[in-house]
Amino acid sequence: RCNQNTKGHAPQSVIGQDSAQVLGQSYPRDDFTNVTPKILEKVGRNLHNQSHHPLWLIKERIKAHFYSSYIGRSGNPLFSVHDNLSPVVTTEQNFDSLLIPPGHPSRKRGDNYYLNRTTMLRAHTSAHQTDLVRSGLDAFLLAGDVYRRDEIDASHYPVFHQMEGVRLFSNRQLFSRVQNGGELSLFERGGRRSPEKQETHTLEAVKLVEFDLKRTLTQLVSYLFGADLEIRWVDCYFPFTHPSFEMEVRFQGDWMEVLGCGVMEQELLNSAGAGDKLGWAFGLGLERLAMVLYSIPDIRLFWSQDERFLKQFRVQDIHQPVCFQTLSKYPPLHNDISFWLPNGKESEAGRESFTENDFYELVRSIGGDLVEKVSLVDNFTHPKTGRRSHCYRIIYRHMERTLTQQEVQRVHQQIEQAAESELGVQGRF
């Protein structure tokens with residue numbers, strides 16, 4: 001389940017009529033298959049492992065911080081690091097192992113890239129969490145590429161990179177520094193779930209784990225950005241942690257979420273053979289952190305082959321500050337597209353007949369990285385027929401040269417034609 005990618009050049013990933021070939025493995029297609037050639041082109045790129053790429057730099061800085069700050073009793077680093085696990089996982093790994101129930105919105109075909117009904121490109125690095133805990137690991141970091149169908153703007157891309165952290169505590173480890181800690185326990189019987197804790201945990205144990213988690217992450221971002229970075233914690237919900245929190249940092253005058261975390265659900269640990277321990281977990285977006293740290297304005301830049309971009313991160317020391325010099329910003333071109341949505345909410349296969357992510361994915365598959373942003377600018381319902389119409393504005397901007405209206409128009413017409421033929425919409429072009 002945790003097969004590692006072979007080092008060196010990754011096998012080409014392609015999608016055929018009956019199967020998808022991904023990293024040298026073949027997966028039969030079915031009615032759930034929705035990976036696209038443009039997405040498969042990204043599989044195996046592993047930007048987080050490319051020396052002196054900005055995502056590699058920030059991953060290495062996080063590793064260095066954990067290696068130097070957390071030392072085991074033997075003098076070795078407490079946290080092990082895993083950054084070469086295959087992004088192809090089972091739906092059981094991606095959802096069930098994390099207590100995400102059938103029918104949960106996060107399982108929707110419109111939000112994920114499925115190879116078939118039982119296999120997918122991971123939507124989060126947490127997909128490997130249970131396997132690693134089951135292997136006996138108590139403290140680890142995990143980095144990798146993850147895949148989600150999403151909106152299109154400067155901070156969203158269908159492939160991004162996450163870093164996961166997990167730390168488990170035994171009774172002795174958690175209470176060793178507490179006065180009379182031998183009298184305290186991780187667990188209690190007959191407890192009740194509340195906003196502060198799970199039913200099986202004692203309140204004192206949860207508060208200590210929560211404190212350790214927030215201190216660990218605050219020290220991490222202070223190490224990366226400096227002590228003057230503004231951060232705040234927001235209570236939130238995840239199926240696999242409780243209580244759960246998001247950390248937000250101040251970026252360009254706004255609050256931006258950079259990670260989610262919480263106390264791991266005990267049921268998850270029980271199923272992984274670590275039922276005598278209590279733990280925390282976090283997941284952070286490497287792109288989000290790198291955009292803040294290096295002032296990178298557009299997430300598409302991480303995939304650029306432009307030497308003007310890449311050479312800025314070839315530093316002698318991973319701790320050397322990088323002040324990113326923005327590339328020339330070429331002028332944008334925008335075109336609108338309007339269409340009537342298909343009648344009926346669901347297709348014969350029981351799936352929604354139209355979702356916004358379907359349209360975003362179609363735009364990406366045709367326009368690729370020429371598309372900077374897609375936004376819904378009008379949502380109209382006909383007063384007599386009840387038919388709904390959407391109008392989207394597509395902003396085109398090349399990262400390395402000026403686009404002509406003629407080449408944008410060709411791409412835009414392809415999008416119009418594909419929307420009618422593939423999504424079943426009726427154009428109002």
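Criteria and cut-off values
- Residues numbered from 1 in each chain as written.
- Predicted model: local features only at pLDDT ≥ 70, side-chain atom pairs only at ≥ 80, totals over all residues.
- Heavy atoms only, no water.
- Helix = DSSP H or I, 4+ residues; strand = E, 2+ residues; numbered from the N terminus.
- Rg over C-alpha atoms; globule rule 2.2 N^0.38 Å.
- Buried < 20%, exposed > 50% of the residue type's maximum accessible area, 1.4 Å probe, protein only.
- Contact = heavy atoms within 4.5 Å.
- Areas by Shrake-Rupley, 256 points an atom, 1.4 Å probe, with all protein chains shown as cover.
- Pairing = 2+ DSSP bridges.
- Axes fitted to C-alpha atoms, helices over the stretch in contact; angles between N-to-C directions.
- Salt bridge = Lys/Arg side-chain N within 4 Å of Asp/Glu carboxyl O.

Visitor: What's the story with the overall build of the chain in this structure? I'm lost.
Guide: For the chain, the count of helices and strands is 11 helices and 17 strands. For a compact globule of 429 residues, the expected C-alpha radius of gyration is about 22 Å, and the chain comes in at 23 Å, within 12% of that figure. Each of the three principal axes of the chain carries a C-alpha extent, and together these read 75 × 50 × 45 Å. Per-residue burial for the chain yields a buried fraction of 53% across its 429 residues. Of the contacts made within the chain by residues no fewer than 6 positions apart, 64% connect residues no fewer than 24 positions apart. Here the chain displays about 20200 Å² of accessible surface, and carbon together with sulfur accounts for 46% of that area.

Visitor: Can you help me understand the sheet that holds strand β16 (residues 388-396) in this one?
Guide: In spatial order, the strands read β15-β16-β14-β17; together these four strands make up an open sheet with antiparallel pairing. Where the open sheet ends on each side, the last strands, each with one partner, are β15 (371-381) and β17 (426-427). When strand β14 (residues 333-340) meets β17, the two strands line up antiparallel, connected through two bridges. Bridge pairing in β17 places Phe339 opposite Gly427. Helix-sheet contacts for helix α11 (residues 405-423) involve β14, β16 and β17, and the interaxial angle to β14 is about 15°.

Visitor: I tried to follow unusual backbone geometry on my own but got confused; where do I start?
Guide: It is generally the case that most residues other than glycine have a negative phi and that most peptide bonds are trans. Cis rather than trans, the peptide bond between His242 and Pro243 has omega equal to -5°. Mapped onto the elements of the fold, Pro243 is located in strand β11 (residues 241-251). With a phi angle near 50°, Leu23 is a residue other than glycine that sits in the positive phi range. Topologically, Leu23 is positioned in the loop between β2 (19-22) and β3 (25-28). Given a relative accessible area of 18%, Leu23 falls into the buried group. Although it is not a glycine, Ser295 adopts a positive phi angle of roughly 55°. Residue placement: Ser295 occurs in the loop between α8 (286-294) and α9 (307-310). Residue classification places Ser295 among the partly exposed residues on the basis of a relative accessible area of 43%.

Visitor: Sorry, what's going on with the sheet that holds β2 here?
Guide: Two pairing modes exist for strands in a sheet, parallel and antiparallel, and in both the strands are linked by backbone hydrogen bonds. Reading across from one edge, β1-β2-β3 is the order of the three strands in this open sheet, with antiparallel pairing throughout. Edge strands, defined here as strands with exactly one partner in the open sheet, are β1 (14-15) and β3. Alignment of β2 against β3, held across four bridges, turns out to be antiparallel. In the strand pairing of β3, Ser19 is matched with Pro28.

Visitor: I keep staring at the pairing of β2 and nothing clicks. Help me out?
Guide: In summary, the side chains of a regular strand alternate between the two faces of the sheet. In the sheet, β1 pairs with β2 via two bridges, with the strands oriented antiparallel. Within β2, the residue paired with Ile15 across the bridge is Ala20. Here β1 folds back onto β2 in antiparallel fashion, the turn holding three residues. The hairpin turn running from β2 into β3, its antiparallel successor, is two residues long, and Leu23 in that turn takes a positive phi close to 50°.

Visitor: Explain the environment of Lys207 here, please?
Guide: Checked against the element boundaries, Lys207 lands in helix α6 (residues 203-225). Residue class for Lys207 comes out partly exposed when judged on its relative accessible area of 34%.

Visitor: Can you help me understand α8 in this one?
Guide: Three or four residues apart is the spacing at which side chains of an α-helix point the same way, because the helix has 3.6 residues per turn. Taken across its nine residues, α8 has eight buried, putting it largely inside the fold. Taken together, the buried positions of α8 are Leu286, Glu287, Leu289, Ala290, Met291, Val292, Leu293 and Tyr294. Phi turns positive, to about 55°, at Ser295, one or two residues after α8.

Visitor: I would appreciate a short explanation of the pattern of salt bridges in the present structure.
Guide: Once their charged atoms are close, side chains differing in charge can pair, the charge on each being opposite to the other. Applying the stated rule across the entire model yields 26 salt bridges. For Glu265, the salt bridge identified is with Arg193, shortest N-O distance 2.9 Å. Residue Glu265 is found in the loop between β12 (254-264) and α7 (266-271), and its partner Arg193 is found in the loop between α5 (171-175) and α6; the two are separated by 72 residues along the sequence. Residue classification places Glu265 among the buried positions, given a relative accessible area of 8%. One salt-bridge network, held together by shared partners, links Lys59, Glu60, Lys63 and Asp83.

All quantities given are derived from atomic positions and should not be read as evidence of function.
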